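Summary of structural features
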Amino acid sequence: MSSIKIRTKHLNGQTQIRTLITHPMENGRNKDKQNQLIPAHHIQELWVEHNQSKIINCNMAGSISKNPYFDFLLNGGKTGDEISISWVDNLGNTDSNKTIIK
Amino acid sequence: MFSSRRKFIKTLLSVTAYGLTASSGLFYSACAQAQWLAESFKAVSYDELLPQLFPDVEFIDSKKIKFRRLPRTAENGAIVPIKIISSIKNVDKISILVEKNPHPLIAEFFLSPVLDPIISARMKMAESSNVIAIVEAEGKFYRHHKYVKVIVGGCGG
């Protein structure tokens, strides 16, 4: 199952894109029960594509909360358009998911 | 027969093309951004970081940027919601910073013109501090800030 959930909604001629990503977002400063530092593990880059053209590029670090949530407002956006969201984290893992605007 | 063969070749071509672009895109972004990311998101104080991120920039304090959802008092610093609404046109980039976090830069959003400059996210805050949004539009830098009191810090360490 993909780690990315995407929801789209029409709002007065605009399209709201909401996304929820499952990710630990460790910033490398937290300690576990044995008082050992948990190594940093966070998303570095996230991008959103609308019909294969990149509309948002976002750089982030461990200061974004665990299981990050974002929403964006797209001007236009028709029923049947494709929205895809992808991320890369600092360990090189990557994931992407796409949805069709209803 | 003919049509199915044609269809098959078309599909084959499109699949390879898609794979190529996807892999090259990933490769490019991973290589080009890695170094730069580490520089921007490192743990230095806000006063040191700001001139590095925005060298020789005059900030315009603007009321066209508004915060929504950002509480005056956050009970849990691990999840502080923020929504930035800007009525400035042609926004290229929105940066969020928290003054007293160990890593002051939270995130940077590069927006294309088809998007409205309205963004929401959830961030961590180590202690009570100013939250600053910097909006870059047509070569000008607009800034807005709000003080948020944090009861339980959420950065650990």
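A quick note: this is a predicted structure, and the numbers were derived from the prediction, not measured.

1. Side note on the interface of chain A and chain B
The interface of chain A with chain B comprises 33 residues on the first partner and 37 residues on the second. A combined buried area of about 3,000 Å² lies between chain A and chain B, and 51% of that area is made up of carbon and sulfur atoms. Considering only the side of chain A, the residues that lose the most area to chain B are R29, N59 and S63 of chain A, jointly responsible for 23% of the buried surface there. Counting across the interface, chain A meets chain B through 1 salt bridge.

2. A short note on the sheet that holds strand β7 (residues 115–123) of chain B
In spatial order, the strands read β1(A)-β2(A)-β5(A)-β7(B)-β4(B)-β2(B); together these 6 strands make up an open sheet with antiparallel pairing. The sheet is open, and its two borders are formed by β1 (4–11) of chain A together with β2 (65–68) of chain B, each paired with just one other strand. Ignoring strand direction, the axes of neighbouring strands in this sheet form an average angle of 15 degrees. Pairing analysis gives 8 bridges linking β1 of chain A to strand β2 (residues 14–21) of chain A, with the strands arranged antiparallel. Counted as the bridge partner of H10 of chain A is T15 of chain A from β2 of chain A.

3. Describing the confidence of the model for chain B
Low pLDDT means the predicted coordinates in that region are not meant to be read closely. All names here are of chain B. Overall, the predicted model of chain B reaches an average pLDDT of 82, with 75% of residues at or above 70. Segment residues 24–32 is flagged for pLDDT under 50; beyond a separation of four residues in sequence, or across chains, it makes 5 contacts in the model. Two numbers describe this predicted complex: its pTM, 0.81, and its ipTM, 0.90.

What counts and how
- Residues numbered from 1 in each chain as written.
- Chains lettered and ligands numbered in written order.
- Predicted model: local features only at pLDDT ≥ 70, side-chain atom pairs only at ≥ 80, totals over all residues.
- Heavy atoms only, no water.
- Contact = heavy atoms within 4.5 Å.
- Buried area = accessible area lost by both parts, 1.4 Å probe.
- Salt bridge = Lys/Arg side-chain N within 4 Å of Asp/Glu carboxyl O.
- Pairing = 2+ DSSP bridges.
- Helix = DSSP H or I, 4+ residues; strand = E, 2+ residues; numbered from the N terminus.
- Axes fitted to C-alpha atoms, helices over the stretch in contact; angles between N-to-C directions.
- pLDDT = per-residue confidence, 0-100.

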